[in-house]
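Here's the letter readout for the chains.
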Amino acid sequence: ILFIFRQALRCQDRPCVIEKGVTLSYKQVDEGSNRVAHYLLSHGIQKEDVIALYAHRSAAMVVAVMGILKAGTI
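What you see is a predicted model; the values in this text were computed from it and never measured.

Visitor: Looking at this structure, how should I read a nonpolar patch on the surface?
Guide: Nonpolar side chains collect at one region of the surface, where Leu53, Val65 and Leu69 lie side by side and expose about 200 Å² of accessible area between them. Within the fold, leucine 53 resides in the loop between helix 2 (26–42) and helix 3 (59–70). Given a relative accessible area of 40%, leucine 53 falls into the partly exposed group.

Visitor: I'm lost on unusual backbone geometry in this one. Help?
Guide: Peptide bonds are trans in most cases, and residues, glycine excluded, mostly fall at negative phi. A positive phi angle, close to 75°, is found at glutamate 48, a residue other than glycine. Locating glutamate 48 in the fold gives a position in the loop between helix 2 and helix 3. For glutamate 48, a relative accessible area of 68% gives the class exposed.

What counts and what doesn't
Residues numbered from 1 in each chain as written. Predicted model: local features only at pLDDT ≥ 70, side-chain atom pairs only at ≥ 80, totals over all residues. Heavy atoms only, no water. Patch = residues over 30% accessible without salt bridge, like charges linked within 9 Å, V, L, I, M, F, W, Y side chains within 5 Å. Areas by Shrake-Rupley, 256 points an atom, 1.4 Å probe, with all protein chains shown as cover. Salt bridge = Lys/Arg side-chain N within 4 Å of Asp/Glu carboxyl O. Helix = DSSP H or I, 4+ residues; strand = E, 2+ residues; numbered from the N terminus. Buried < 20%, exposed > 50% of the residue type's maximum accessible area, 1.4 Å probe, protein only.

So, in structure tokens, the structure goes:
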């Protein structure tokens with residue numbers, strides 16, 4: 001996971017996730033996952049809480065997983 005964060009700093013405008021019709025840069029994934037992490041933390045999620053994620057394989061799922069990891073719940 002640290003690789004993604006380092007890549008986000010070095011290659012902000014390069015494609016990170018490519019899905020049919022959707023391409024997200026490292027910066028977009030980083031910013032989106034930050035929003036997810038802040039949302040979870042502001043709603044009382046704490047370390048070792050279980051987070052359920054129900055989604056199709058998509059760019060949004062990548063952002064959500066990264067946000068959950070950033071929230072430190074794992």
